[in-house]
Amino acid sequence: MSETLDLVEETSFDTLCSWLKMKAKRDEDIPLDLNLIENKLVDSIVFVEFMMMLEELAGIQLEVNEDLLKKVYSLQAIKENFFQ
Amino acid sequence: MSATYGNLIEFINQPNFEDNDAIFLTGATGFLGGHFLFWKLQTPGKVYVLVRASDADNARQRIRDNLEVCARSYNLPMLADSVLNERLICVIGELKSSKLGISEEQIAELAQAGIREVWHSAASLSFRWEDKDKIDATNLLGVENLLELASMCDIPRIVYVSTAYTAGRKKGNISEDYHAEDTEFANYYEASKCAAEKLVANYISEHGMKSTIVRPSIIVGPESTQCSGGTRFGLYGFCQEMYQMRDTLSQVKKTLRLVGDRDCLGNFIPVDHVVYDMLYLKKIGFGDQTIYHATNPNNIKILDVMKQCEKHNGIDCIDIVPVRDGKVSSFENLFDSKTKFYEGYYGTQKLFERSLPPHKKISLSDIDNYVRLFVEELEAEKQGTIFDRTQVTSWDNQNITVNVIGDPAKTPIVIANAYGMPVDFVTPLARRLSHNHFVITWDTRWVPALTQAFELDKCNSLTHAKDLIAILDHFDLPKASIVGWSSGAQVCLRTMQEFSERIEACVLLNGGVSLKNDSDIPMTIFEENLRSLLPKISSNRRMAEFYCQLIYGNQNANESDENAISSILTSTDPYLLYMTSMPFRTTESLFRYANMMNNLFHEPEDAYTTGVQTRTLVFGCDQDEVTHPLLAKALKQKLANAELVIEENAGHFAQFYDEKVAKMVSDFVNAKQHLTTQQVEAECL
């Protein structure tokens, strides 16, 4: 059961990574520890859409508070905060 | 020398010139050239004026219109017809053509006219390095053509109006000499003017002619009235950019840093002082040197001037720094892109030498008044001196806010603004068109004003098309021509399909419509992102709230969060910020805007082009950051009776910045053979 859940969450996370890769028009995978904001992978429009994708794929509702940016600044942070 | 150096009223009443004197002038429809002509015509002698026009009447009217603007700026009456008839001779031609496009017969006439000088005041004011070819065509090739004509007509002297900023990035004392070959420039306008100075020098030495170069600093309006006098260049251009961005800039919590020298001094000279210098030089036979700075004896700290611009625009966020530490914010990128031209004013410290007698000093408080009056001028334009605002009851009893300008007896034009955009975006176009037309535009219902309840079931282009027809009914207009900008183009197409009998002609400016069955039309990144995001926001009001909280709702964010948010903004396209600053500002306006745009994205595959027979002009720009220029080509193909103009080196806001777009629209509506905006380009100093 746990393995199945992991598999589902891994797939959702991969979907998120693929979506961002497509949006950022990158050929190679995005390194998990890359700071998405500092490296300009998302602008304000794409960032909001990215958060929407995250909500949908992780089945959560995000709140804009002081912790949000810390939780989503990299794919690794997203994985740790929303997909484990 | 007159008793008071700089007093033009005294000057024109003195016997300084003779009746048999004649000059040839370019740039007379521009700012400095126009003011020079206004005063020169009040002294004896004929003035042959090069003017681009379709015929003699049009040429004379263009000159008259500009002279009236000049006269008003001094609170003086327009020159009498008798003066114009006696002294003003219009020569139709254009700088970029060989021999200025003037016929052999006219050249022979000029050669017999006893012209003593060519006064060259016309120039392209474009400044981007990427526009080099376009600028060269006017500022270098144009000078060559003019010199060739002067030589053919045995005109002994050329007076070239340059700029003090041909000094480029040079620091310190700037002498009245030619600049070194290795001079670096802040923009290509400066470079082209500097190259033209040398071009003139080389030509006259080869052809045994004489030359005088006048280099004005930053020209402001007349000293006596301190109004703008009709220009939007220099100080006014900078202040206007700030004015247009002030709502956006007021959202910025962090300092907006311009790179330059905080202690930089600017030199501001009233236009009538420059005209005086020019006429004085003529009176004294041009003296014993070639180059003269037309500058003021007082220099003013540019940062202080910027602070005054901020004060009168109600903002306080700008600073000048030697270098930007950390990331460059998106607002800084945006402001840079809008104000790059002015970098030459604050980039390096310059002190201009001047050999002509000194003018009265212009003080910081004078400049403060100039700026205050200019912002009032802009405000008056916005508040209703430009538009009369009225409420029109539309087809479903909703009140629509309608803005009109111009004489109701003239040919009507209705402008469909882009969805949700403030009227400011079409104000310059409306003002320019109002000279020849009765111009009507309206605020799209729901956004930008939020006073009406949002009705999702009516959220489609037909609602706006019916609003347009209701406006025609209100003004008892059986027919009108229509102009649509950006998404407003879809409203025009829908109106033409549903109410063809009410539409005379149509112009689509950088139309943002959905031709979905044509997969060959690429999308700009801007459009791609909007088409991806807005449907999601339209279906979920919380997402609109999420966006606004994230971008604008960070009032209590700590420093690290603020940096992160700033980083997000940094990566945002500056044009996107400009375009979206109004409808993206609140949750409600964003939600409404997202629905309006989402429904636009889902209009039928043909975007209501099928069956439209109305005469239509499709205008696209090759540098459009919002709607792809190939969309304009596709639109033209879909429409049965359409013409296409693709403008080079222009973007989505061409109708806002480029006055030639208004002429193109007017000519098309009046069924004249229209010129491309490049053909009608006549930017003048």
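Check the entry above for the structure.
Residues numbered from 1 in each chain as written. Chains lettered and ligands numbered in written order. Predicted model: local features only at pLDDT ≥ 70, side-chain atom pairs only at ≥ 80, totals over all residues. Heavy atoms only, no water.

Engineer: How would you explain the overall build of chain B if you had to name every residue and give the values?
Structural biologist: Regarding its fold elements, chain B presents 26 helices and 23 strands. Radius of gyration (C-alpha) of chain B: 26 Å, near the 26 Å computed for a compact globule of 685 residues. Counting every position in chain B, which comprises 685 residues, the buried fraction comes to 61%. Of the contacts formed within chain B by residues at least 6 apart in sequence, a portion of 81% connects residues at least 24 apart. Taken as two groups, the 67 positive and 90 negative side-chain charges of chain B have centres that lie 2 Å from each other. (Helix = DSSP H or I, 4+ residues; strand = E, 2+ residues; numbered from the N terminus. Rg over C-alpha atoms; globule rule 2.2 N^0.38 Å. Buried < 20%, exposed > 50% of the residue type's maximum accessible area, 1.4 Å probe, protein only. Contact = heavy atoms within 4.5 Å. Lys, Arg positive; Asp, Glu negative; His and termini not counted. Charge placed at Lys NZ, Arg CZ, Asp CG, Glu CD.)

Engineer: Kindly report on the sheet that holds strand β17 (residues 399-405) of chain B, identifying the contributing residues and their values.
Structural biologist: Residues and elements named next belong to chain B. Spatial strand order, β16-β17-β19-β18-β20-β21-β22-β23: eight strands in an open sheet with mixed pairing. The open sheet has two edge strands with one neighbour each: β16 (388-393) and β23 (642-647). Recorded for the sheet is a direction-independent mean angle of 20° between the axes of neighbouring strands. The pairing of strand β22 (residues 615-621) with β23 spans six bridges and is classified as parallel. Looking at the pairing, Cys-621 lines up with Glu-647 of β23. The strands touched by helix α18 (residues 488-498) within the sheet are β18 (411-416), β19 (437-442), β20 (480-485), β21 (503-509) and β22, with β20 carrying the most contacts at an inclination of about 145°. (Pairing = 2+ DSSP bridges. Axes fitted to C-alpha atoms, helices over the stretch in contact; angles between N-to-C directions.)

Engineer: Pulling in residues and values, what's your account of the packing of aromatic side chains?
Structural biologist: All names here are of chain B. By the definition in use, this model includes 21 aromatic pairs over all chains. Measuring from centroid to centroid gives 4.8 Å for Tyr-236 and Phe-374, while their planes differ by 65°, and the two rings are edge-to-face. Taken together, the positions of Tyr-236 in helix α9 (residues 235-244) and Phe-374 in helix α15 (residues 364-385) put the pair 138 residues apart, joining distant regions of the chain. Of the residues examined, Tyr-236 reaches a relative accessible area of 1% and is grouped as buried. Here Phe-374 falls in the buried class, since its relative accessible area comes to 1%. Linked through ring pairs, Tyr-5, Phe-11, Phe-17, Tyr-276 and Tyr-280 together constitute an aromatic cluster. (Phe/Tyr/Trp six-rings, centres within 6.5 Å; stacked < 30°, edge-to-face > 60°.)

Engineer: An account of the packing of helix α2 (residues 31-40) of chain B against helix α11 (residues 271-283) of chain B is requested, with residue identities and associated values reported.
Structural biologist: Residue and element names in this part refer to chain B. Running from N to C, α2 and α11 point in directions that differ by 60°, and their axes come no closer than 9 Å. Considering their axes alone, α2 and α11 lie oblique with respect to each other. Like other packed secondary-structure pairs, α2 and α11 cross with a definite hand, here right-handed. Residues Phe-31, Leu-32, His-35, Phe-36, Trp-39 and Lys-40 of α2 pack against Val-271, Val-274, Val-275, Met-278, Leu-279 and Lys-282 of α11. (Parallel < 35°, antiparallel > 145°, perpendicular 65-115°, else oblique. Left-handed = near helix turned anticlockwise from the far one by under 90°.)

Engineer: I'd like a rundown of unusual backbone geometry, residues and numbers included.
Structural biologist: Between Val-447 of chain B and the following residue, Pro-448 of chain B, the backbone shows a cis peptide bond with an omega angle of 20°. Tracing the backbone shows Pro-448 of chain B in the loop between β19 and α17 (461-474).

Engineer: Kindly report on the sheet that holds strand β1 (residues 22-26) of chain B, identifying the contributing residues and their values.
Structural biologist: Residues and elements named next belong to chain B. The seven strands lie next to each other as β3-β2-β1-β4-β5-β7-β12, forming an open sheet whose pairing is parallel. In the strand order of this sheet, the two ends are held by β3 (88-92) and β12 (291-294), each with one partner. Averaged over all pairs of adjacent strands, the angle between their axes in this sheet comes to 20°, without regard to strand direction. Examined bridge by bridge, β1 and strand β2 (residues 46-51) share four bridges and lie parallel to one another. Of the residues in β2, the one forming a bridge with Ile-23 is Val-47. Running at roughly 120° to β3, helix α3 (residues 56-73) makes contact with β2 and β3 of the sheet.

Engineer: Explain the environment of His-474 of chain B to me, using residue names and the numbers behind them.
Structural biologist: Residues and elements named next belong to chain B. Topologically, His-474 is positioned in helix α17. Taking relative accessible area as the criterion, His-474 reaches 40% and is therefore assigned partly exposed. In this structure the C-alpha to C-alpha distance between His-474 and Thr-393, which are 81 residues apart in sequence, comes to 8.2 Å. Residues contacting His-474, with those up to four places away along its chain left out, are Gln-391 and Val-392.

Engineer: Could you give me a rundown of the nonpolar core, with the residues and numbers involved?
Structural biologist: In this structure, Ile-78 of chain A together with Leu-509 and Val-665 of chain B are the most contacted members of the largest nonpolar core, which totals 125 residues. Top contributing element to this core by residue count: helix α2 (residues 44-58) of chain A, with nine residues. Both of domain 2 (381-514 + 605-669) and domain 3 (525-600) of chain B provide at least three residues apiece to this core. What Leu-509 of chain B contacts, discounting residues up to four positions off in sequence, is Leu-429, Val-483, Gly-484, Trp-485, Ser-486, Phe-619, Gln-655, Val-661, Met-664 and Val-665 of chain B. In terms of nonpolar packing, the next biggest core, distinct from the first, is built from 47 residues, Ala-28, Ala-53, Val-214 and Phe-286 of chain B among them. (Core = buried A, V, L, I, M, F, W, Y, C linked by side-chain atoms within 4.5 Å. Domains from an automatic or database assignment.)

Engineer: Provide a residue-level description of the pairing of β12 of chain B, including the pertinent values.
Structural biologist: Residue and element names in this part refer to chain B. Side-chain alternation along β12 places Ile-291 and His-293 on one buried face and Tyr-292 and Ala-294 on a second face that is also buried. With four bridges joining them, strand β7 (residues 210-216) and β12 adopt parallel strand pairing. Each residue of the ladder has a partner; that of Ile-213, found in β12, is Ile-291.

Engineer: Help me get a handle on empty space enclosed by the protein, residues and values and all.
Structural biologist: Residues and elements named next belong to chain B. A complete count under the given rule lists three cavities of 30 Å³ or more for this structure. Its boundaries defined by the atoms lining it, the second largest cavity holds a volume of some 180 Å³. Lining the second largest cavity are 17 residues, and of these Ser-486, Leu-530, Met-597, Val-626 and Thr-627 lie nearest its centre. Of all the secondary structure elements, the ones that give two or more residues to the lining of the second largest cavity are α19 (525-538) and α23 (587-601). Residue classes in the lining of the second largest cavity are distributed as eleven nonpolar, four polar and two charged. Among the domains, domain 2 (381-514 + 605-669) and domain 3 (525-600) are the pair contributing at least three residues each to the lining of the second largest cavity. (1 Å grid on protein atoms, 1.4 Å probe; cavity = no way out; pocket = protein on both sides within 12 Å on 5 of 7 lines; lining within 4 Å. Points joined across faces, edges and corners; volume = space filled by probe spheres on them. Nonpolar A, V, L, I, M, F, W, Y, C, P; charged D, E, K, R; others polar.)

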